[in-house]
Amino acid sequence: MWEKCKALQNELVGLRREFHQIPELGDNLPETQARVCAELDKLGIPYKKNTLDSGIIALIEGGQPGKVIALRADMDGLPITEATGLPFASKHEGKMHACGHDTHITMLLGAAKILSENKANLKGTVKLIFQTGEETCTGSKTMLKEGVLENPHVDAVFGMHIGSLIDPTIPAGKVIVTPGCCMASYDHFILRVKGTGCHGSTPEKGVDPIVVASNIVLALEEVIAREVASTKAAVITIGQIHAGFAYNVIPNEVLIEGTTRALEEDVRQYLGKRIGEIAESVAKAYRAECEYTMLWGAAPVVNNAEMAALAAEAAVEVVGADNVITSRPAPNMAGEDFAYYLMERPGAFMFLSSANPAKHTDIPHHNPKFDVDEDVLWNGSAVFVSIVEKYLK
Ligand SMILES: [Zn+2]
Ligand SMILES: [Zn+2]
């Protein structure tokens, strides 16, 4: 059945270019939702719009009863001004599909078309998940609140990311799917260091939060260096420090913001615990106070070994054994809120490379010049269809 996706290539390119021009942000994607619904209507696939966001859940019921498999595409763009110069560049000022989610929608719709046209031969049901807010780490949690994994009960879930996330030197068309963790957790922490401001000439009359904050920043890196085993990947990055308003005044407060990454849930939890303990006790040692907030993002993305093997086998049929990578280089330290589906159901998240230096599509994700090699679009649809064929067999 997956072979039929080849003939969709031109149509997929057209559809992708349409979505590319209308990027929207976060949970509110009205134009994108309307375009996806129009396509589902055209295909005669029934769907339900979410009540909490612009997500869509569609259902393709096979000719015979069987298991339920879910396929997920994320639909949101980024607050980036596009600089690709492409004739089909974003029409929405300051917004861009700079992570390839426009292709995710397209590839899932391609798979939907073939699966729907051949549903009489399917033994089971395919649920299509069109999710909002991946970049904001809100979409999959909303989908779960909408009951996406029930009615009918989903048995396994699969997702795919296009681009060069894993390694920009892996050529376009290769599929990477590995057992175990393939992407890290990502969380956001905020530290508010509170001292007592005073004249810069008499620091003894106050408590200097800038010096305290400097000590906290250095102490936090000790957690990675001395407390997490060197065989376990973990990152603490401070991306922002804000303080002060004049060169000769000690301010009252310093704001520190950063992110943590980990490949295992217990390491992730440990980082969260230690950042608070260290920041609060370093502040106390220097007579200051520190207020700690952790904004939990996404857990590590952990593939079920059996489902990863099934996805790999399905991909081999489409692109050939030489083009499927089932061991390292994954995992990588970026995050994905697909993690939340995998915490509820077995499944796998895979990567489809679209990095082609000749076409300048090896530029990093979230860059204003990010683009994909469109030649791989039908491959994405075909891999999804092939997975469904294998899983519902
Ligand atoms: Zn992204
Ligand atoms: Zn993405």
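Residues numbered from 1 in each chain as written. Chains lettered and ligands numbered in written order. Predicted model: local features only at pLDDT ≥ 70, side-chain atom pairs only at ≥ 80, totals over all residues. Heavy atoms only, no water.

I keep staring at the overall build of the protein chain and nothing clicks. Help me out?
Scanning the protein chain from N- to C-terminus turns up nine helices and 16 strands. Each principal axis of the C-alpha atoms in the protein chain carries an extent, and together these give about 80 × 45 × 40 Å. Taken across its 393 residues, the protein chain has 56% of its residues classed as buried. Taking contacts inside the protein chain between residues at least 6 apart in sequence as the whole, the part at least 24 apart equals 82%. Computed over 36 positive and 50 negative side-chain charges, the inter-centroid distance for the protein chain is 2 Å. (Helix = DSSP H or I, 4+ residues; strand = E, 2+ residues; numbered from the N terminus. Buried < 20%, exposed > 50% of the residue type's maximum accessible area, 1.4 Å probe, protein only. Contact = heavy atoms within 4.5 Å. Lys, Arg positive; Asp, Glu negative; His and termini not counted. Charge placed at Lys NZ, Arg CZ, Asp CG, Glu CD.)

Would you take a moment to explain the packing of helix α3 (residues 101-117) against helix α9 (residues 377-391) for this structure?
Two measures define how a pair of helices packs: the angle their axes make with one another and the distance between the axes. Relative to each other, α3 and α9 sit at 50°, their axes nearing to 8 Å. What the angle tells us is that α3 and α9 run oblique. Remark: the crossing between α3 and α9 carries right-handed chirality. Contact with α3, carried on its side by Thr103, Thr106, Met107, Leu108, Gly110, Ala111, Ile114 and Leu115, involves Leu377, Gly380, Ser381, Phe384, Val385 and Val388 of α9 and no other residues of that element. A per-class count over the contact of α3 with α9 returns nine nonpolar, five polar and no charged. (Axes fitted to C-alpha atoms, helices over the stretch in contact; angles between N-to-C directions. Parallel < 35°, antiparallel > 145°, perpendicular 65-115°, else oblique. Left-handed = near helix turned anticlockwise from the far one by under 90°. Nonpolar A, V, L, I, M, F, W, Y, C, P; charged D, E, K, R; others polar.)

Explain the pattern of salt bridges to me, please; I cannot follow it from the model alone.
If charged atoms from side chains of opposite charge come close, those side chains can pair. What the rule picks out here adds up to 23 salt bridges. Taking the shortest distance from any N to any O, the salt bridge between arginine 72 and aspartate 74 comes out at 3.6 Å. Judged by relative accessible area, which is 1%, arginine 72 ranks as buried. Linking lysine 232 and glutamate 264 is a salt bridge whose minimum nitrogen-to-oxygen distance equals 3.1 Å. With lysine 232 in the loop between α5 (209-227) and β10 (234-243) and glutamate 264 in the loop between β12 (253-262) and α6 (265-285), this pair connects stretches of sequence that are 32 residues apart. Using a relative accessible area of 33% as the deciding quantity, one classes lysine 232 as partly exposed. You can call glutamate 264 partly exposed: its relative accessible area is 32%. One continuous salt-bridge network, built from bridges that share partners, spans Arg16, Arg17, Asp102, Asp371 and Glu374. (Salt bridge = Lys/Arg side-chain N within 4 Å of Asp/Glu carboxyl O.)

Would you take a moment to explain the nonpolar core for this structure?
Soluble globular proteins tend to pack their nonpolar side chains together in the buried interior. Residues Leu71, Leu115, Val126, Leu128, Phe130 and Phe158 are the most contacted members of the largest nonpolar core, which totals 71 residues. Residue contacts for phenylalanine 130: discarding those within four places in its chain leaves Val36, Leu40, Gly55, Ile56, Ala73, Met75, Ile105, Leu108, Leu109 and Met143. Counting 26 residues, the second largest nonpolar core, distinct from the first, contains Ala213, Ala234, Ile236 and Val267. (Core = buried A, V, L, I, M, F, W, Y, C linked by side-chain atoms within 4.5 Å.)

Honestly, the coordination of the zinc ion (ligand 1) in this entry has me stumped. Any pointers?
Each donor-metal-donor angle in an ideal tetrahedron of four donors is 109.5 degrees, and each such angle in an ideal octahedron of six donors is either 90 or 180 degrees. Protein coordination of the zinc ion (ligand 1) is provided by Cys99 (SG), Glu135 (OE), Glu135 (OE) and His366 (NE2), with donor distances spanning 2.0 to 2.8 Å. Geometry at the zinc ion (ligand 1) is irregular, judged from its four donor atoms and the angles of 52 to 150° they form at the metal. Here the donor residues of the zinc ion (ligand 1) are spaced in sequence according to C-x35-E-x230-H. Distance-wise, the zinc ion (ligand 2) is placed 3.2 Å from the zinc ion (ligand 1), both being coordinated by cysteine 99. Taken together, the positions of glutamate 135 in the loop between β4 (123-131) and α4 (139-145) and histidine 366 in the loop between β16 (347-353) and α9 put the pair 231 residues apart, joining distant regions of the chain. When its relative accessible area of 21% is taken as the criterion, glutamate 135 is described as partly exposed. A residue is classified by how much of its surface remains accessible, and histidine 366, at 38% relative accessible area, is partly exposed. (Donors = N, O, S within 2.8 Å, 3.2 Å for Na, K, Ca; no water. Tetrahedral: all angles 85-135°; square planar, octahedral: opposite > 155°, others 65-115°.)

Sorry if this is basic, but what is going on with the coordination of the zinc ion (ligand 2) here?
Looking at the metal site, the zinc ion (ligand 2) is ligated by Cys99 (SG), His101 (NE2) and His161 (NE2), spaced 2.1 to 2.4 Å from it. Going along the chain, you hit the donors of the zinc ion (ligand 2) in the pattern C-x1-H-x59-H.

Looking at this structure, how should I read the sheet that holds strand β3 (residues 64-74)?
Note on sheets: strands pair through backbone hydrogen bonds, and any given pair is parallel or antiparallel. Taken in spatial order, the eight strands of this open sheet run β1-β2-β4-β3-β5-β16-β6-β15, and their pairing is mixed. The open sheet has two edge strands, β1 (47-49) and β15 (324-325), and neither has a second partner. In this structure, strand β2 (residues 56-61) lies alongside β4, joined through six bridges in antiparallel fashion. Looking at β4, one finds that isoleucine 56 is bridged to phenylalanine 130. (Pairing = 2+ DSSP bridges.)

So what exactly am I meant to see when it comes to unusual backbone geometry here?
A negative phi angle is the norm for most residues apart from glycine, just as the trans form is the norm for most peptide bonds. The omega torsion across asparagine 151 and proline 152 is -5°, close enough to zero to call that bond cis. Inspection of the secondary structure assignment puts proline 152 in the loop between α4 and β5 (156-163). Even without a glycine there, the phi angle at asparagine 151 is positive, about 50°. Here asparagine 151 lies in the loop between α4 and β5. The phi torsion at arginine 287 lies on the positive side, around 70°, for a residue other than glycine. On the secondary structure map, arginine 287 appears in the loop between α6 and β13 (289-298). A relative accessible area of 60% places arginine 287 in the exposed class.

Everything listed is a geometric property; what it means functionally is a separate question.
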